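# Coordinate analysis (summary)
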Amino acid sequence: MESGPAVFAGMVFGLFGGGLLVWTAARVRHREPVADGVSPVASATLATTVAVIALAVGTWCFSRV
């Protein structure tokens, strides 16, 4: 019964982190801004960091199942 929320949260964090990582990589590869009005290096670094943290939290949620 308790594994249901952990699986749901793990999927949400995993999909968000993976999607953000792919989107950031595509923007950087095409030399387009990741965020408007912000330094390209800072925005790409922040987005990548948030994506990796989300993937780590998703992995942690799955380890609790």
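Now for a look at the structure at hand. (Residues numbered from 1 in each chain as written. Predicted model: local features only at pLDDT ≥ 70, side-chain atom pairs only at ≥ 80, totals over all residues. Heavy atoms only, no water.)

### Some details on the side chain of T24
Operational definition: Each helix is a run of H or I in the DSSP string that is no shorter than four residues. Each strand is a run of E no shorter than two, and both are numbered from the N terminus. Exposure categories follow from relative accessible area, calculated using a 1.4 Å probe and restricted to protein chains: below 20% of the type maximum is buried, above 50% is exposed, and the middle band is partly exposed. In this description, contact between two residues means that some pair of their heavy atoms is separated by no more than 4.5 Å.
Of note, T24 is situated in helix α1 (residues 3-29). With a relative accessible area of 2%, T24 lands in the buried category. Non-local contacts of T24, meaning those with residues more than four positions away in its chain, are made with V34, A44, A47 and T48.

### Looking at the side chain of S43
To be explicit about the condition: Any pair of nitrogen or oxygen atoms within 3.5 Å is treated as a polar contact; in protein, a donor-acceptor pairing is required on top of that, and neighbouring residues in sequence qualify only through side-chain atoms on both sides.
Examined against the element boundaries, S43 turns out to sit in helix α2 (residues 40-63). Owing to a relative accessible area of 7%, S43 belongs among the buried residues under this scheme. Of note is the side chain of S43, whose polar atom sits 3.2 Å from the backbone oxygen of P40. Setting aside its immediate chain neighbours within four residues, S43 contacts V34, A35 and V38.

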